[in-house]
Amino acid sequence: MQNLLAQPLKLPCGVVLSNRIAKAAMTEGLADEYHCATDRHERLYRGWSQGGAGLLLTGNVQVDRSHLERPGNLVIDNNGGLEALKAYARAGTEAGNHLWMQINHPGRQTPGELNGAPLAPSAIPLRMAGDKFAPPRAMTEAQILDVIRRWAHVARTAREAGFTGVQIHAAHGYLLSQFLSPLSNQRTDAWGGSLENRARALLEVYRAIRKATGPDFPISVKMNSADFQKGGFDSDECLHVVRWLHEAGVDLLEISGGNYEQLQMLGSGEGEGTDGSVVRESTRKREAYFLEFAQKIRPVCDIPLMITGGFRSRAAMTAALESGGLDVVGLGRPLCVDQDLPRKLLDGSVEMSPAHERNLKLDPAVVPDVSDQATRDLIEAFGGLGWYCLQLIYLGHGKSVDTQMSVYEAFVRYQENEATTLAQLRDWKPVAA
Ligand SMILES: Cc1cc2nc3c(=O)[nH]c(=O)nc-3n(C[C@H](O)[C@H](O)[C@H](O)COP(=O)(O)O)c2cc1C
């Protein structure tokens, strides 16, 4: 039988991906005190390059040092470090695979200890337990135009450094996703209101990058199929935006979902969109959380599609490709514990990745003094994410992964790691409220 995972894929810009497995973007937290690339990035990405995926997407790289997703983010805003970035790109493409830089601005999802008044489309705070995120400030039009220029600058630098493409992060509730959602974007000017206006920031970022990098450079967009929140960006709106992105010439669309208020991208959110688009148990069993939605895109346009979220077995990946619902299978968490998994899936030597997330449940006896369920849920969600983030840090430092770590240990160790990284930052000061 034909090995569908091993088939090459030609993108609209002419570039060919050597197979159908992509490592999805995962934040590394490995930048130095000036937010520049380090030998830790080289080590981590050399491992993934040798691991066999045709495409590697980097963790999100920020366009502005005052808007970080976490302290160890890589930033490109005239902070130097081009040689280190080139070394990173060389290591990450060693096996001849593609390496695309994911570019982001977190907007109101910038942690409060980093920015006490982050920029966002509107001054609407996140609805989350705790005080991790500060209330945002509504952007002026000049600030929106500045962010668009920054995005193009980062893409141009990525190309110059040897990254072979870029991805615009417009998913998971970060700035461009905030623009898309009527819940977080209540502007009354050209950047808010109608869907066309809410999608303007994303399309302008795409156009600015295309202009800066040329017609032959792959540009991908990662977008939510829906926000899974009442009154939020829903799947009908998403279909319209997909059509516009296709017309504009996007090379690969990656579909994901959720945000910090609803963690659907990790298959754990419980919200419901106006269209009832929850991640159902049946979907979770089929492994691909967003495949059903992808199948709605096909009749609308033939943009190359990557789906990320939940894939664990070779059988499910092959079935998804066979169904014609997608072109590229995105893998995140499995590649935090086994960098060689793509090669093993491609040559058929493994059928299944270990699904560690099923064991990452918080033992109630471990935090008996935390009585409210919302806080426990938060510890479990962020401890689970921290567990995977820590594995990437270990790999970046040349250490082995630690799969025995409990979710609570991971929560504590991860907070400590982030506090240490924050304390080491130079040439940087937190933005006051
Ligand atoms: C440790 C970790 C870091 C992540 N960082 C990013 C990121 O920087 N950008 C992004 O778009 N998604 C990020 N994600 C989401 C993944 O790209 C992916 O959508 C998600 O993990 C679901 O895929 P999976 O089920 O294969 O893990 C991250 C996920 C994990 C586990």
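Source: prediction; values computed, not measured. (Residues numbered from 1 in each chain as written. Predicted model: local features only at pLDDT ≥ 70, side-chain atom pairs only at ≥ 80, totals over all residues. Heavy atoms only, no water.)

S.K.: How should the overall build of the protein be read in this particular structure?
M.R.: Counting its secondary structure elements, the protein contains 14 helices and 13 strands. For the protein, the spread of C-alpha atoms along the three principal axes comes to 60 × 50 × 50 Å. For the protein, the residues scored as buried account for 60% of the 433 residues in total. Looking at the protein, you have 45 positive and 51 negative side-chain charges, and the mean spots of the two groups are 3 Å apart. (Helix = DSSP H or I, 4+ residues; strand = E, 2+ residues; numbered from the N terminus. Buried < 20%, exposed > 50% of the residue type's maximum accessible area, 1.4 Å probe, protein only. Lys, Arg positive; Asp, Glu negative; His and termini not counted. Charge placed at Lys NZ, Arg CZ, Asp CG, Glu CD.)

S.K.: Explain the site of the ligand to me, please; I cannot follow it from the model alone.
M.R.: As a structural note, the neighbourhood of the ligand is formed by 24 residues, with A25, Q102, G310, G332 and R333 the closest of them. Here an oxygen atom of the ligand and a side-chain polar atom of K222 are 2.9 Å apart. In the model, an oxygen atom of the ligand is placed 2.9 Å from a nitrogen or oxygen of the R312 side chain. Within the complex, the protein chains bury 96% of what would otherwise be the 610 Å² of accessible surface of the ligand. Looking at which element gives the most residues to the shell around the ligand, the answer is helix α13 (residues 373-396), with three residues. For the shell around the ligand, the per-class residue count stands at 10 nonpolar, 11 polar and three charged. (Near = heavy atom within 4 Å. Polar contact = N/O pair within 3.5 Å; in protein donor to acceptor, adjacent residues only side chain to side chain. Areas by Shrake-Rupley, 256 points an atom, 1.4 Å probe, with all protein chains shown as cover. Nonpolar A, V, L, I, M, F, W, Y, C, P; charged D, E, K, R; others polar.)

S.K.: Would you mind going over the nonpolar core with me for this structure?
M.R.: Nonpolar side chains in soluble globular proteins generally cluster together in the buried interior. Ranked by internal contacts, the top residues of the largest apolar core, which has 108 residues, are M101, I168, L202, M223, L253 and I297. Among the elements that take part in this core, α13 stands out by supplying 10 residues, more than any other. Counting residues in each nonpolar core, the second largest holds 13 residues, with A22, L57, W100 and L252 among its members. (Core = buried A, V, L, I, M, F, W, Y, C linked by side-chain atoms within 4.5 Å.)

S.K.: Mind showing me how you'd approach the packing of aromatic side chains here?
M.R.: We describe a pair of aromatic rings using the distance from one ring centre to the other and the angle between the two ring planes. This structure, assessed with the given rule, holds five aromatic pairs. Look at Y45 and W48: their rings are 5.0 Å apart centre to centre, the planes differ by 75°, and that puts the pair in the edge-to-face class. Within this pair, Y45 and its partner W48 are both found in helix α1 (residues 39-50), separated by three residues, close to a single helical turn. Ring pairs connect the aromatic residues Y45, W48, Y88 and F163, which therefore count as one cluster. Above the plane of the ring of W48 lies K23, whose end atom (NZ or CZ) is 4.6 Å from the centre. Positioned above the aromatic ring of F133, the side-chain terminus of K132 is 5.9 Å from the ring centre. (Phe/Tyr/Trp six-rings, centres within 6.5 Å; stacked < 30°, edge-to-face > 60°. Lys NZ or Arg CZ within 6 Å of the ring centre and 35° of its normal.)

S.K.: Explanation requested: the state of the cysteines in the structure shown.
M.R.: Think of a disulfide as a covalent bridge from one cysteine sulfur atom to another cysteine sulfur atom. Within the structure shown, the criterion is met by zero disulfides. Here C13 stays unpaired: no disulfide links it, and the sulfur of C301, its closest cysteine neighbor, is 16 Å away. Owing to a relative accessible area of 16%, C13 belongs among the buried residues under this scheme. In this model C389 remains outside any disulfide bridge; the closest cysteine sulfur is found in C336, 7.5 Å from its own. (Disulfide = S-S within 2.5 Å.)

S.K.: Explanation requested: helix α3 (residues 141-161) in the structure shown.
M.R.: Along an α-helix, residues three or four positions apart point the same way, because every turn accommodates 3.6 residues. A rise of 1.5 Å per residue sets the reference length of α3, with its 21 residues, at 30 Å; its end C-alpha atoms lie 30 Å apart and thus fit the reference within 8%. Following α3 by one or two positions, G162 has its phi on the positive side, about 110°. (Expected span 1.5 Å × (residues − 1).)

S.K.: Where do I start with the pairing of strand β13 (residues 328-331) in this structure?
M.R.: It is a general feature of regular strands that their side chains alternate between the two faces of the sheet. The alternating pattern of β13 places V328 and G330 on one face and V329 and L331 on the opposite face, and all of these are buried. Where strand β3 (residues 21-23) meets β13, three bridges bridge the pair, whose relative direction is parallel. By the bridge assignment for β13, A22 is matched with G330. In terms of strand pairing, strand β12 (residues 305-308) meets β13 through three bridges, oriented parallel. Bridge pairing in β13 links T308 to G330. In the classification by handedness, the crossover that spans β12, the intervening helix α10 (residues 314-322) and the parallel β13 is right-handed. (Pairing = 2+ DSSP bridges. Right-handed = clockwise from strand over helix to strand, strands pointing away.)

S.K.: Would you explain the pairing of β12 in this entry?
M.R.: Neither face of β12 is exposed, since L305 and I307 on one face and M306 and T308 on the opposite face are all buried. In this sheet, β12 lies alongside strand β11 (residues 252-256) in parallel orientation, the contact comprising three bridges. Looking at the pairing, I255 lines up with I307 of β12.

S.K.: Please clarify how the domain arrangement of the protein should be interpreted in this entry.
M.R.: How big an interface is tends to be stated in terms of accessible area lost as the parts join. Examined at the domain level, the protein breaks down into domain 1 (16-350) and domain 2 (355-424). Distance between the C-alpha centres of domain 1 and domain 2: 23 Å. Contact residues are listed per partner, giving 23 residues for domain 1 and 26 residues for domain 2. With both chains or domains summed, domain 1 and domain 2 bury close to 2,100 Å², and 73% of this area falls on carbon and sulfur atoms. Ranking the residues of domain 1 by area buried against domain 2 places R70, C336 and V337 at the top, with a combined share of 25%. One salt bridge connects R70 with E418, and the closest N-O pair in it is separated by 3.0 Å. On inspection of domain 1 and its partner domain 2, the count reaches three residue pairs in polar contact (both at pLDDT 80 or more). Elements that contribute at least two residues to the side of domain 1 that touches domain 2 include exactly α1 and α11 (334-337). With four residues, α1 is the largest single contributor of residues to the side of domain 1 that touches domain 2. Tallied by class, residues from the side of domain 1 that touches domain 2 come to 12 nonpolar, three polar and eight charged. (Domains from an automatic or database assignment. Contact = heavy atoms within 4.5 Å. Buried area = accessible area lost by both parts, 1.4 Å probe. Salt bridge = Lys/Arg side-chain N within 4 Å of Asp/Glu carboxyl O.)

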